[in-house]
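# Fold and contact review
One letter stands for each residue in the lines below.
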Amino acid sequence: MSVDPETLRARFDAPAPLTVGVEEELFLLDPSTLDLAPRAREVLAALGGDGRFTLELPAAQLEIVLPPAAPAGEALTGLAVARRDLLAAVDGDLRFAAAGVH
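Report follows, based on the coordinates. This structure is a prediction, so every number in the text was calculated from the model and none was measured. (Residues numbered from 1 in each chain as written. Predicted model: local features only at pLDDT ≥ 70, side-chain atom pairs only at ≥ 80, totals over all residues. Heavy atoms only, no water.)

Looking now at helix H3 (residues 72-90). For an α-helix, the turn length of 3.6 residues means that residues three or four places apart are oriented alike. With 19 residues, H3 should reach 27 Å at 1.5 Å per residue; the first-to-last C-alpha distance of 28 Å fits that figure. For H3, the complete set of buried residues consists of Ala75, Leu79, Ala82, Leu86 and Val90. The buried residues of H3 occupy one face: seen down the axis, they fall within an arc of 65°. Opposite the buried face of H3, by more than 90 degrees, sit the exposed residues Arg84 and Ala88. Backbone geometry just after H3 places Asp91 at a positive phi near 50°. (Helix = DSSP H or I, 4+ residues; strand = E, 2+ residues; numbered from the N terminus. Expected span 1.5 Å × (residues − 1). Buried < 20%, exposed > 50% of the residue type's maximum accessible area, 1.4 Å probe, protein only. Arc of directions from axis to C-beta.)

Structure (structure tokens):
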């Protein structure tokens, strides 16, 4: 398929809406000792396959992964909802420490 240079330039010059994506790594902690709790697979099972949550390399770490959002406030709301859903899934059985948001 051939595209003329003007059409190609128009496609690249067209402004696209800005989006922001959020990933947050969370360590699972024992609520009384705050030691790492190697229960990531158990927590994922309690979340019933919710695609916002993924397993990280360590057994005591999960990641919240959200799709790109516009505007940024939508991403913030999505992160807050994901955190609430995660807390509800563990029902006070664990605490979490966020390792980063990028």
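Taken as a whole and judged by the stated rule, the model has five salt bridges. Arg39 is the salt-bridge partner of Glu42, the closest N and O atoms lying 2.7 Å from each other. Judged by relative accessible area, which is 44%, Glu42 ranks as partly exposed. What makes Arg39 partly exposed here is its relative accessible area of 22%. The partner of Asp93 in a salt bridge is Arg39, and the shortest N-O contact between them spans 2.7 Å. Of this pair, Asp93 sits in the loop between H3 and strand E4 (95-101) while Arg39 sits in the loop between strand E1 (20-29) and helix H2 (40-46), and the two are 54 residues apart along the sequence. Exposure remark for Asp93: the relative accessible area of 40% places this residue in the partly exposed category. (Salt bridge = Lys/Arg side-chain N within 4 Å of Asp/Glu carboxyl O.)

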